[in-house]
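# Close look at the chain arrangement
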Amino acid sequence: MKDFKSDFPIFKNNPWLVFLDNAASVQKPSYVIEGIKHFLENDYANIHRGAYSLSERSEILFEDAKKVIKEFISAKYSSEINFTYNSTYAMNLLTLSLKRSGKLKKWDKVLVSIVEHHANIVPWLILKEEIWIEIDYIWVKDDFSLDLDDLKHKLTKDVKVVSLTYASNVTGQVFDLKNASKIIKEYNKNILFVVDWSQAVPNFQVNVAELDCDFMIITWHKIMAETGIWVLYGKKELLKELSSWIGGWWAINWVRKQEYMEAWLPHRFEPWTPNIVWALSFLRALEYIKSIWWYKTIEDNEKELIVYVLGKYSKFEDKVNIVWSKIATNRIGVFTFEIPGINSSDVAEYMAQNNICVRAGQHCTEPLMEFCNLKSTFRMSLYLYNTKEDIDKFFEILGNFLKEKNK
Ligand SMILES: Cc1ncc(COP(=O)(O)O)c(C=O)c1O
């Protein structure tokens, strides 16, 4: 395994750091950091309608980012790519725009899975409160894979949307969305299939044409770009039918004192000054991934580490419970644990005292925690720069913690 740590200044500046909180956000390589600095020092200005060269340069870069994302996810048009602030914002923009456009009405049903992040639950619950739609949950099997039979069973004529994550931020399980998509579209091609790619974007690419999803939310800070700008992808013919729930200076064709006309695509869903610096950071992050042989390197590293974690965990099986399958395939490097009778924040604090960064709590998945009958868990999640030594350290400190607690 190649050691990528030297590409990331955070590790040089914090030599003892064992960073295992990558499901929340990943560290940035110097290639991205230097790119941001260079852009701010040389090319930065607000975009749209600035006739001067700085503004034009920034605008070209911003539009380039859309073209690159279009290619990256195999979308048909750049206008299908809408920048937003984060995944949660993207999902709310979608749900509220569906409501505003009359695409969802009283008693229409939305299906989500039981493992979803709150970002893919609460926006639908807001619509439940506002217009009385119904929400139902698709179960997972014992190995935490999506129960496709349950999906089939729950597809009824009232279902208008199925919204699913590609990978769970708790179990690490990757859902079989290709088959889920087939099942949904064969039942009724007008059901909107929404995919939350936020947690899996660091791990594998998605081809939206092949997947035949109608909308997808994507987050880039998990693949080394800056925080603060995300994407709502939508099929052009569907986006055209949606009236944006949010409006402002750029997303209009004209404004009078008492009325306005919404802009055409691609600006309808971006009424603000966008995060231009982020667009640059995304381009740099992708260039960095290309420079290390693209996703294959990330996947190969991760597969090796996943097998390593499973081996190490086997020695803790009698003391520490898990919320994931022990099978190494169809998963990303996200592992969530529970020690019966112990508050997970105590474990996370103990880890922190030993320079290990993990996350404790319910991970914005309270319905899943209730389903698994769990109150408090801690999560270790991997990325490109993690090594077997990082994992050794995690289990060594976990062992020390258990000893101190006489567990
Ligand atoms: C599966 C999943 N969906 C959505 C989100 C929310 O992302 P954001 O913080 O960008 O709104 C997360 C955050 O970790 C996530 O893991």
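Everything here concerns the structure above.
My aim in this report is to walk through the structure given alongside it, one point at a time. (Residues numbered from 1 in each chain as written. Predicted model: local features only at pLDDT ≥ 70, side-chain atom pairs only at ≥ 80, totals over all residues. Heavy atoms only, no water.)

## Focus on the nonpolar core
- Counting residues in hydrophobic clusters, the biggest one holds 114 residues, and the most contacted among them are V162, W197 and W220.
- The leading source of residues in this core is helix α10 (residues 276–291), at eleven residues.
- Once residues within four sequence positions are removed from consideration, V162 is found in contact with L111, I138, L151, L155, I184, I191, L192, F193 and V194.
- Counting residues in each nonpolar core, the second largest holds 30 residues, with L20, F337, I339 and L398 among its members. (Core = buried A, V, L, I, M, F, W, Y, C linked by side-chain atoms within 4.5 Å. Buried < 20%, exposed > 50% of the residue type's maximum accessible area, 1.4 Å probe, protein only. Helix = DSSP H or I, 4+ residues; strand = E, 2+ residues; numbered from the N terminus. Contact = heavy atoms within 4.5 Å.)

## Comments concerning the packing of aromatic side chains
- Scanning all chains against the criterion turns up 32 aromatic pairs.
- A ring pair is formed by F337 and F395, whose centres lie 6.4 Å apart and whose planes are at 85 degrees; its orientation type is edge-to-face. With F337 in strand β12 (residues 334–338) and F395 in helix α14 (residues 388–404), this residue pair connects regions lying 58 residues apart in the sequence. By the burial criterion, F337 is buried, and F395 matches it.
- With centroids separated by 5.3 Å and ring planes inclined at 70 degrees, the aromatic side chains of Y350 and F401 adopt a geometry described as edge-to-face. (Phe/Tyr/Trp six-rings, centres within 6.5 Å; stacked < 30°, edge-to-face > 60°.)

## Focus on the site of the ligand
- Residues in close proximity to the ligand total 14 residues, the closest being T88, D196, Q199, K222 and W230.
- Within the backbone of S87, a nitrogen or oxygen atom sits 3.1 Å from an oxygen atom of the ligand.
- Interatomic distance of 2.5 Å between a side-chain N/O atom of T88 and an oxygen atom of the ligand.
- The fraction of the free accessible surface of the ligand (390 Å²) that becomes covered by protein chains is 86%. (Near = heavy atom within 4 Å. Polar contact = N/O pair within 3.5 Å; in protein donor to acceptor, adjacent residues only side chain to side chain. Areas by Shrake-Rupley, 256 points an atom, 1.4 Å probe, with all protein chains shown as cover.)

## Examining the sheet that holds strand β15 (residues 377–381)
- Across the sheet, which stays open at both edges, the four strands sit in the order β11-β12-β15-β14 with antiparallel pairing between neighbours. Strand pairing shows two members of the sheet lacking a second neighbour, β11 (321–322) and β14 (359–361), which therefore form its edges.
- Two elements, β14 and β15, share three bridges in a ladder whose sense is antiparallel. Pairing of R359 across the sheet is with R379, part of β15.
- Helix α11 (residues 294–313) contacts β11, β12 and β15 of the sheet and is inclined by roughly 15 degrees relative to β12.
- Sheet strands touched by helix α12 (residues 344–353): β14 and β15. Its angle to β14, the strand with the most contacts, is close to 165 degrees. (Pairing = 2+ DSSP bridges. Axes fitted to C-alpha atoms, helices over the stretch in contact; angles between N-to-C directions.)

## Section: the pairing of strand β8 (residues 230–234)
- By the criterion of burial, β8 is predominantly enclosed, with five of the five residues buried.
- Burial along β8 is two-sided: the face carrying W230, L232 and G234 and the face carrying V231 and Y233 are both buried.
- Summarising the sheet, strand β2 (residues 81–84) and β8 pair through four bridges and their orientation is antiparallel. Each residue of the ladder has a partner; that of F83, found in β8, is V231.
- Relative to β8, strand β7 (residues 215–219) is paired through five bridges, and the arrangement is antiparallel. Residue pairing in the sheet places T219 in a bridge with W230 of β8.

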